[in-house]
Amino acid sequence: MAGAPEIHKPTNVLRWFGVAVVSVICAWIVYQIFVNPGFQWDIVGSYMLHPSVLSGIVQTIYLTILVMVLGIIIGVLLAVMRLSNDPLLAFCSHSFVWFFRGTPVLVQLVFWYNFGTLFPMIEFGIPFDGPKFIEIPANVAISSFTAALLGLGLAEGAYMGEIIRAGLMSVDDGQTEASKALGHRPWQTFWVVVLPQAMKAIIPPTGNQVIGMLKYTSLASIVALPELMHSIELIYARTFETVPMLIVAAVWYLIMVSVLTVAQHFIEKHYSKGWRRQEQVDG
């Protein structure tokens, strides 16, 4: 009995043409990197470990951590308020997200930096011209760092609120009912039962937010905060070596993002263990 005829796939001409085009483009980029004198790699190398650059990196990492901590705390509160049965809490949460997610972060940074023009003194006490218990000059309370933290942190809180809300909604309602049947209090149900299961849906977008925030901290240069980008700007404003200094910034951002990407991978892997085992059983 004769064997089945062999099926030959037609040659994909367009695919090979695409490979050729991409190869030529990559070769041209590599050629320019090594040959074009405008990159000035000697200057790039000399500034990679410059004290001002390293100081800017530390400030960038520090600001990113604080902004994400503030954003996550605000996000948890907003998500819980939005999912509550109280219409007032839900309205306040929705309004916060609507405002801070709807206005550009750059506008918020500049606004907080110029907050003193509206309120020269930050006062705590009885409103409507009542007695004041604490008075602080706005230019003292709202520094460049504080303006960056508030501008980035409040906006991040709005985004994290929606991410955490989506994660909480991904948990089956039966889990909450089972927790109540076991006699758990509401806060125990949330922290012990619901939130750990929601982490699988929360971690990936949160990792993306951390990586994005690391880069968004460069906006803080507009309020003269000495993070990485502002440190780079000060150097090339003095030396006029703009392109090599921008390459230094790009390389350091790529290094930090790569580290965060690896960390995100292992965190996602940790929170997906139970789900992967369940998928294998179901399969």
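Residues numbered from 1 in each chain as written. Predicted model: local features only at pLDDT ≥ 70, side-chain atom pairs only at ≥ 80, totals over all residues. Heavy atoms only, no water.

A.B. asks: Let's hear about the overall build of the protein: which residues, and what values?
C.D. replies: Per the secondary structure count, the protein includes 12 helices and 2 strands. For the protein, whose C-alpha radius of gyration is 26 Å, the value lies well above the compact-globule estimate of 19 Å for 283 residues. Expressed along its principal axes, the backbone C-alpha trace of the protein runs to roughly 95 × 65 × 30 Å. In the protein, which comprises 283 residues, the proportion classed as buried is 33%. Total accessible area computed for the protein in this model is approximately 18200 Å², and 69% of it derives from carbon and sulfur atoms. Separation between the mean location of the 15 positive side-chain charges and that of the 17 negative ones in the protein comes to 8 Å. (Helix = DSSP H or I, 4+ residues; strand = E, 2+ residues; numbered from the N terminus. Rg over C-alpha atoms; globule rule 2.2 N^0.38 Å. Buried < 20%, exposed > 50% of the residue type's maximum accessible area, 1.4 Å probe, protein only. Areas by Shrake-Rupley, 256 points an atom, 1.4 Å probe, with all protein chains shown as cover. Lys, Arg positive; Asp, Glu negative; His and termini not counted. Charge placed at Lys NZ, Arg CZ, Asp CG, Glu CD.)

A.B. asks: Talk me through the nonpolar core; I want residue IDs and the actual numbers.
C.D. replies: With 26 residues, the main nonpolar core has Leu63, Ile164, Leu168 and Leu225 as its most contacted residues. Once you skip the residues sitting within four places of it in the chain, leucine 63 turns out to touch Phe145, Ala148, Leu149, Leu152, Thr217, Ala220 and Leu225. If you look at the next biggest cluster of nonpolar residues, it comprises 21 residues, including Ile232, Val248, Ala249 and Met256. (Core = buried A, V, L, I, M, F, W, Y, C linked by side-chain atoms within 4.5 Å. Contact = heavy atoms within 4.5 Å.)

A.B. asks: Quick one: what's the story with the packing of helix H10 (residues 228–239) against helix H11 (residues 242–271), residue by residue and with numbers?
C.D. replies: It is the contact of H10 with H11, at a shortest axis distance of 9 Å, that shows an interaxial angle of 165°. If you check the angle between H10 and H11, you find them roughly antiparallel. For the crossing formed where H10 meets H11, the hand is right-handed. On H11, the residues touching Leu228, Met229, Ile232, Ile235 and Tyr236 of H10 are Thr242, Met245, Leu246, Val248, Ala249, Trp252, Tyr253 and Met256. Residue composition of the contact of H10 with H11, by class: 12 nonpolar, 1 polar and no charged. (Axes fitted to C-alpha atoms, helices over the stretch in contact; angles between N-to-C directions. Parallel < 35°, antiparallel > 145°, perpendicular 65-115°, else oblique. Left-handed = near helix turned anticlockwise from the far one by under 90°. Nonpolar A, V, L, I, M, F, W, Y, C, P; charged D, E, K, R; others polar.)

A.B. asks: Quick one: what's the story with the confidence of the model for the protein, residue by residue and with numbers?
C.D. replies: In this model, the protein carries a mean pLDDT of 87, and residues with pLDDT of at least 70 account for 92%. In the model of the protein, helix H12 (residues 273–282) stands out as the element of lowest mean pLDDT, 53, in contrast to helix H3 (residues 51–83), which has the highest, 95. (pLDDT = per-residue confidence, 0-100.)

A.B. asks: Break down the environment of proline 137 for me, with residues and values.
C.D. replies: As for its placement among the helices and strands, proline 137 is situated in strand S2 (residues 132–137). Each residue touching proline 137, except ones within four places of it in the same chain, is listed here: Pro120 and Met121.

A.B. asks: Give me the pattern of salt bridges: which residues, what numbers.
C.D. replies: Within this structure, the stated rule accounts for 2 salt bridges. Two residues, glutamate 162 and arginine 165, come together in a salt bridge whose shortest N-O distance is 2.9 Å. Here the residue glutamate 162 and the residue arginine 165 both occupy positions in helix H7 (residues 144–169), the gap between them amounting to 3 residues, near one helical turn. Through salt bridges with shared partners, one network takes in Arg82, Glu162 and Arg165. (Salt bridge = Lys/Arg side-chain N within 4 Å of Asp/Glu carboxyl O.)

A.B. asks: Tell me what's going on with the pairing of strand S1 (residues 121–125), and back it up with residues and numbers.
C.D. replies: Where a strand is regular, its side chains alternate between the two sheet faces. Pairing of S1 with S2 involves 5 bridges; the strand directions are antiparallel. By the bridge assignment for S2, phenylalanine 124 is matched with isoleucine 134. Hairpin connection between S1 and S2: a loop of 6 residues separates the two successive antiparallel strands, and phenylalanine 128 in this loop has a positive phi of roughly 60°. (Pairing = 2+ DSSP bridges.)

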